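Given next are the chains, with one letter for each unit.
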Amino acid sequence: MSSAAGADEITPVAQRPATTRRGKEKAAEFLATHGDDTSFSYEEEKAVLRRIDFRVLPLLLGAYFFQQLDKSSLSYVSIFGLADDAHLVGTQYSWLGSILYLAQLVMQPLAAFILVKLPNGKVIGSAVLLWGSALAIMSSCTNFSSLLGLRFVLGSFEAMIAPSCVAVTQMWWRRGEQTMRTSYWNAMNGITSIVGSLFTYGLGRIESQVLHKYQIIFLFCGLLTVVYAIVVLILMPDSPMEAKYMTERERVVAVERIRANQMGVSSGEWRWDHVIETFLDLKTWCWFVAIVAISGGISTFGNLIVKSFGYSSFETILFNIPFGAIQFIVIIGTGWIATKIQRKGLVIAGTSVLPAVGAIIMLTVPREQKGVLLFGYYLVSCLAAITPLIYAWQAQNTAGDTKKKCTSGMVFVGMCTGNVIGPLLYSTDQAPLYRPGLISNLIMFVVVGVLSALIPFYLMFLNRKHANKREELGKNAQIVDESMMNKDDIVGSKAVEIEEGGSRPQRTLEEDNALRDMTDLENEDFIYVY
């Protein structure tokens, strides 16, 4: 009798240890207050997305623009006698380029902690205000030591902006939307080259008996940044749950649509288990090496390299305008292609061929052929498209509030490491050929291409592990990644996950792992994208 009863017994679905489900996000608490009234139509989602794109995205674009403008101001003033006016010798100019990234590197752990614990909108506005003030004060510097100190301060505050932009992108947009948004704000690098060159062209013609040209440029850019910081502090919302410019219903839709990411939104809780997992996660180190390899000294020494082709200072500035336009087009173009084919590794590997060819041209073509050398330099500018793709790639493949911030921090430490080392591979003593620096960059371009082609195979392995884990827990092994689809595709697709009974009900907060502050490795429902 007992054996018969045992045969009819239903075995419960296996549960993971409770320790892995610890933590609940602010987004979960917000949605819980609205009960079952969280479903939405495609039209509602489209309207909310438009409101996000018209408010949050422009503020990110401006913040990243000013960060790049202020950071690049050193390169702009380099051709106006900065070395002579500030009495720079040897590698001192190189150190002015490297110290900013060294400061950003040192500040990344603090940046990650701040982004978890403090309101992200206020963090961005405050950072813009502080680095703009630092640049304005830099106009009073007249020697190497004072310039070095202020460049370190500038880098310390700018350390917040790139990880903040990634955090905000993860917080407001579905994973399928994140690549293009990341490309949009990173494309401000190209716009900065255009606008910065025009600013410098005009400001460089001002003759003053009191200020050197580099001081005028620093002061102008710094004060302009301070004004923009006030705009950010007033208009930038801290999260979808606290967006005062939206109605309550719009906030619900903004939060609910992000559940599909399986990444969480914001917890405000610093978790050391997430920190440890970040350092033990192989893919974190893959992206670290890739970003180190693509970050180099071309940006710092670009104007000096072009000038070595035989152009005047003002011609060099004007040639930076098409350089910026190419960057903008390539960043947006590769972002669109990566979104369309959903294969970032392949796109990055293909894009890395362009700067490699450009470096070879600048190494082999005689200095008399200015046009060909300039073409090679413009090909090298295509490397700018790789950085936002790596930013988006790591962001889309990481979950858990603390882990997201720490992984971004690791990637930006890699970016800073590359930019610290990069300028030191070059020296004004290498002029006019700059062979050692260009050869070093060529090797790095090849490394990032090969590595990016290999990373997807590891991500496929992780997806298979998660599929096996879902089976062990009694779930379907194959599920649809709704975060990479739009609402129409979800409704119309026959490939959606079908529960026994024929319809696909919406998961409750208790059933869903999306807002449990779980990492991507813990959450078996997380799907990695290639």
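Predicted, not measured: the structure shown is a model, and the values here were computed from it.

Overview of the overall build of the chain
Move 1: Summing up its helical and strand segments, the chain has 23 helices and zero strands in all.
Move 2: A total of 530 residues make up the chain; the buried ones form 60% of that total.
Move 3: Pairs at least 24 apart in sequence give 84% of the contacts found in the chain among residues at least 6 apart.

A word on the pattern of salt bridges
Move 1: Enumeration over the complete set of coordinates arrives at 21 salt bridges.
Move 2: For Lys283, the salt bridge goes to Asp520, with nearest N and O atoms at 3.0 Å. Remark: Asp520 occurs in the segment after helix H23 (487-492) and Lys283 occurs in helix H14 (residues 282-294); sequence separation between them is 237 residues.
Move 3: Here Asp525 and Lys475 are joined by a salt bridge, their closest N and O atoms 3.1 Å apart. Of this pair, Asp525 sits in the segment after H23 while Lys475 sits in the loop between helix H22 (435-472) and H23, placing them 50 residues apart in sequence.

Here we look at the packing of aromatic side chains
Move 1: In total, this model carries 14 aromatic pairs according to the counting rule given.
Move 2: Aromatic rings pair up to connect Tyr64, Trp185, Tyr391 and Phe412 into one cluster.
Move 3: Here the guanidinium or amino end of Arg55 rests over the ring plane of Tyr245, the centre of that ring lying 4.4 Å away.
Move 4: Above the ring of Phe526, the side-chain terminus of Arg175 is found at 4.8 Å from the ring centroid.

A word on the packing of helix H17 (residues 344-351) against H22
Move 1: Contact geometry for H17 and H22: axes closest at 8 Å, N-to-C directions at 170 degrees. Judged by the inter-axis angle, H17 sits roughly antiparallel to H22. For the pair formed by H17 and H22, the contact residues are Gly345, Ile348 and Ala349 on the first element and Gly449, Ser452, Ala453 and Pro456 on the second.
Move 2: In terms of residue class, the contact of H17 with H22 is built from four nonpolar, three polar and no charged.

With respect to unusual backbone geometry
Move 1: Its identity is not glycine, yet Gln342 carries a phi of approximately 55 degrees, on the positive side.
Move 2: With respect to the helices and strands, the residue Gln342 is situated in the loop between helix H16 (313-341) and H17.
Move 3: Exposure remark for Gln342: the relative accessible area of 34% places this residue in the partly exposed category.

Some remarks on helix H9 (residues 175-186)
Move 1: Taking 1.5 Å as the rise per residue, H9 with 12 residues should run 16 Å; its terminal C-alpha atoms sit 17 Å apart, in good agreement.
Move 2: Among the 12 residues in H9, 10 count as buried, and that is most of the element.
Move 3: For H9, every residue scored as buried is listed here: Arg175, Glu177, Gln178, Thr179, Met180, Arg181, Thr182, Ser183, Trp185 and Asn186.
Move 4: Next to the buried residues of H9 lie helix H3 (42-77), helix H8 (161-172), helix H10 (188-203), H16, H17 and helix H20 (386-396).

A word on the environment of Ile421
Move 1: Within the element layout of this structure, Ile421 appears in helix H21 (residues 401-425).
Move 2: It is 9.8 Å that separates the C-alpha atoms of Ile421 and Ser94, two residues lying 327 residues apart in sequence.

Side note on the side chain of Thr351
Move 1: Structurally, the position occupied by Thr351 is in helix H17.
Move 2: Ignoring anything within four residues of it in the chain, the contact list for Thr351 reads Thr334, Cys382, Ala385 and Ile386.

Things to note about the environment of Leu148
Move 1: With respect to the helices, strands and loops of the structure, Leu148 is situated in helix H7 (residues 144-158).
Move 2: The spatial distance from the C-alpha of Leu148 to the C-alpha of Met138 is 9.6 Å, given a sequence separation of 10 residues.
Move 3: Sequence-distant contacts of Leu148, that is, excluding residues within four places in its chain, are made with Trp95, Leu96 and Ile99.

Regarding the environment of Leu462
Move 1: Inspection of the secondary structure puts Leu462 in helix H22.
Move 2: In this structure, the C-alpha to C-alpha distance between Leu462 and Asp520, residues 58 residues apart in sequence, is 9.8 Å.
Move 3: Apart from the residues lying within four places of it in its own chain, the contact partners of Leu462 are Lys283, Leu521 and Tyr528.

Looking at a nonpolar patch on the surface
Move 1: Among the surface-exposed residues, Val210, Leu211, Leu219 and Leu223 lie close enough to one another that they form a single nonpolar patch of about 340 Å² accessible area.
Move 2: By the secondary structure assignment, Leu219 is in helix H11 (residues 213-235).
Move 3: Taking the relative accessible area as the measure of exposure, Leu219 reaches 30% and is therefore partly exposed.

Some thoughts on the side chain of Ser73
Move 1: As for its position among the elements, Ser73 is in helix H3.
Move 2: Once residues lying within four places of it in the same chain are set aside, the contact partners of Ser73 are Leu135 and Phe218.

Digging into the packing of H3 against helix H5 (residues 92-117)
Move 1: At a closest axis distance of 9 Å, the pairing of H3 and H5 adopts a crossing angle of 155 degrees. Our classification of the angle between H3 and H5 gives roughly antiparallel. Two secondary-structure elements touch here, H3 through Gln67, Lys71, Leu74 and Ser75 and H5 through Tyr93, Leu96, Gly97, Leu100, Tyr101 and Gln104.
Move 2: For the contact of H3 with H5, the per-class residue count stands at five nonpolar, four polar and one charged.

Topic: H21
Each full turn of the α-helix corresponds to 3.6 residues, which orients residues three or four apart in the same direction.
Move 1: The first and last C-alpha atoms of H21 sit 36 Å apart over 25 residues, in line with the 36 Å expected at 1.5 Å per residue.
Move 2: Burial runs high along H21: 22 of the 25 residues are buried.

Brief notes about the confidence of the model for the chain
Low pLDDT marks regions whose predicted coordinates should not be analysed in detail.
Move 1: Mean pLDDT over the chain stands at 85; residues scoring 70 or higher make up 88%.
Move 2: Here residues 1-21 scores under 50 on pLDDT; set against residues more than four positions off or in separate chains, the count is 19 contacts.
Move 3: Note that residues 493-504 has pLDDT below 50 and, in this model, 13 contacts with residues that lie over four places away or in other chains.

Reading the values: the criteria
- Residues numbered from 1 in each chain as written.
- Predicted model: local features only at pLDDT ≥ 70, side-chain atom pairs only at ≥ 80, totals over all residues.
- Heavy atoms only, no water.
- Helix = DSSP H or I, 4+ residues; strand = E, 2+ residues; numbered from the N terminus.
- Buried < 20%, exposed > 50% of the residue type's maximum accessible area, 1.4 Å probe, protein only.
- Contact = heavy atoms within 4.5 Å.
- Salt bridge = Lys/Arg side-chain N within 4 Å of Asp/Glu carboxyl O.
- Phe/Tyr/Trp six-rings, centres within 6.5 Å; stacked < 30°, edge-to-face > 60°.
- Lys NZ or Arg CZ within 6 Å of the ring centre and 35° of its normal.
- Axes fitted to C-alpha atoms, helices over the stretch in contact; angles between N-to-C directions.
- Parallel < 35°, antiparallel > 145°, perpendicular 65-115°, else oblique.
- Nonpolar A, V, L, I, M, F, W, Y, C, P; charged D, E, K, R; others polar.
- Expected span 1.5 Å × (residues − 1).
- Patch = residues over 30% accessible without salt bridge, like charges linked within 9 Å, V, L, I, M, F, W, Y side chains within 5 Å.
- Areas by Shrake-Rupley, 256 points an atom, 1.4 Å probe, with all protein chains shown as cover.
- pLDDT = per-residue confidence, 0-100.

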